[in-house]
Amino acid sequence: MKQKEEFFNRIKNVTNPEIEKAINSGDPYEICDLLERTKGGPNSIYLKELEDAIIKTKDIVQIYEFMFLAVDMNITEFDRDRFEGIIRESNNPKLMCYCMEFVPGTNIKEMLRALQQTKNAKYMELLINNEEYSDVLEEVKKINPNYEEDVEEAKKFNYYPESLKAFGDLKEDITQLKNDVVSTKNSHFITELANYIEYLNEYKGQNYDIQDLVIAQEESKDPMQAYEFLASVNVENKSGLIQSVVNSNRVKFMYYVYAYVPELTEQEKQKLQNNIVKKDLNGKYKKMVEDEMNLNSNEKEYNN
């Protein structure tokens, strides 16, 4: 009798109109939100459908986000091997680095192999230069004792992003590439181009400006990519992109900016804190911010 009741409960949950609508929407925000709210339902009954739905969007950054959420919430039925494979096959070196540092349990050996195959010196060297990746670097050196030499070799390579190959090989005409990318109003392409231009400036001695890409990203009003731009591109004036995230009312991305974007001013942090505390109806991110605020307050009292 109990088994029969569980069977009918499973059917009822799978056919819930709200769940069906989110899964069939093709909207990566809705799909990731549903995963975060429900963990794929009781006993992960519709987790596979969510996995298929987010992969079908072909939004590689949101696919990474889905994986990050699933692992962070310890969803045991999540098919992480499938998602790690998609990240490796994307040839996106930044997301490979993110996996190694921010997604516990990532297959470092396979992800490192994929990262080195991209020959992107910027993200390969990130594992060496960024203290946040020190734990990853220890594992990397065990796997490849010659890693630092391989990074130096990669600096000689003329890297070009897989994501921008749809625009043709425009290594020699960055102005045209900018025009083509901005005209699409595709926020992912805009971030990818900004990352590529920083690579050219840092490793190929160029001096391209990205302010037009900052403006284009602000205008796209995509909170995920506004955060991603802030987190991975050196933006001098962050206020416009931060405002874009705040205006979206998506508290998760406000928290991501607050927690992970470097060199925020105290005013910017305060603005994000206030909006997170005010707008987080579920309380998850509000609690994390308030816990940090209390910790900082206690530290100040102790030091005084």
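It should be noted that the structure appears before, not after, this text.
What this report covers is the structure whose coordinates are included nearby. (Residues numbered from 1 in each chain as written. Predicted model: local features only at pLDDT ≥ 70, side-chain atom pairs only at ≥ 80, totals over all residues. Heavy atoms only, no water.)

Focus: the side chain of Thr118
Thought 1: Mapped onto the elements of the fold, Thr118 is located in helix α8 (residues 108-118).
Thought 2: Taking the relative accessible area as the measure of exposure, Thr118 reaches 8% and is therefore buried.
Thought 3: At 2.6 Å, the side chain of Thr118 forms a polar contact with the backbone oxygen of Leu115. (Helix = DSSP H or I, 4+ residues; strand = E, 2+ residues; numbered from the N terminus. Buried < 20%, exposed > 50% of the residue type's maximum accessible area, 1.4 Å probe, protein only. Polar contact = N/O pair within 3.5 Å; in protein donor to acceptor, adjacent residues only side chain to side chain.)

Re the packing of aromatic side chains
Thought 1: Inspection of every chain in the model, using the stated rule, returns 20 aromatic pairs.
Thought 2: Consider the rings of Phe68 and Tyr256, whose centres lie 6.3 Å apart with planes at 90 degrees: the pair is edge-to-face. On the criterion of sequence distance, the pair formed by Phe68 in helix α5 (residues 60-72) and Tyr256 in helix α17 (residues 251-260) is long-range, its members being 188 residues apart.
Thought 3: The class for Phe68 is buried, based on a relative accessible area of 14%.
Thought 4: The buried category is assigned to Tyr256, whose relative accessible area is 5%.
Thought 5: With a centroid separation of 5.4 Å and 35 degrees between ring planes, the pair formed by Tyr255 and Tyr285 is classed as tilted. In this pair, Tyr255 sits in helix α17 while Tyr285 sits in helix α19 (residues 284-303), placing the two residues 30 residues apart along the sequence. Residue Tyr255 shares its accessibility class with Tyr285, and that shared class is buried.
Thought 6: Three or more aromatic residues joined by ring pairs form one cluster here, namely Tyr29, Tyr64, Phe68, Tyr98, Phe102, Tyr133, Tyr227, Phe253, Tyr256 and Tyr260. (Phe/Tyr/Trp six-rings, centres within 6.5 Å; stacked < 30°, edge-to-face > 60°.)

A short note on the pattern of salt bridges
Thought 1: Tallied over the full model, the rule gives 21 salt bridges.
Thought 2: Between Lys252 and Glu65 there is a salt bridge, and its shortest N-O distance comes to 2.8 Å. With Lys252 in helix α17 and Glu65 in helix α5, the pair connects residues that are 187 residues apart, well separated along the chain. Each member of the pair, Lys252 as well as Glu65, carries the same accessibility label: buried.
Thought 3: Lys287 is paired through a salt bridge with Asp291; the nearest N and O atoms lie 2.8 Å apart. With Lys287 and Asp291 both in helix α19 and four residues apart, the pair spans about one turn of that helix.
Thought 4: Classification of Lys287 by relative accessible area gives exposed; the value is 51%.
Thought 5: The class for Asp291 is partly exposed, based on a relative accessible area of 39%. (Salt bridge = Lys/Arg side-chain N within 4 Å of Asp/Glu carboxyl O.)

Overview of the nonpolar core
What tends to happen in soluble globular proteins is that the nonpolar side chains get buried as a cluster.
Thought 1: In this structure, Phe66, Leu115, Leu127 and Tyr196 are the most contacted members of the largest nonpolar core, which totals 98 residues.
Thought 2: Those residues in contact with Tyr196 that sit more than four places away from it in its chain are Tyr159, Tyr160, Pro161, Leu164, Lys171, Ile174 and Leu177. (Core = buried A, V, L, I, M, F, W, Y, C linked by side-chain atoms within 4.5 Å. Contact = heavy atoms within 4.5 Å.)

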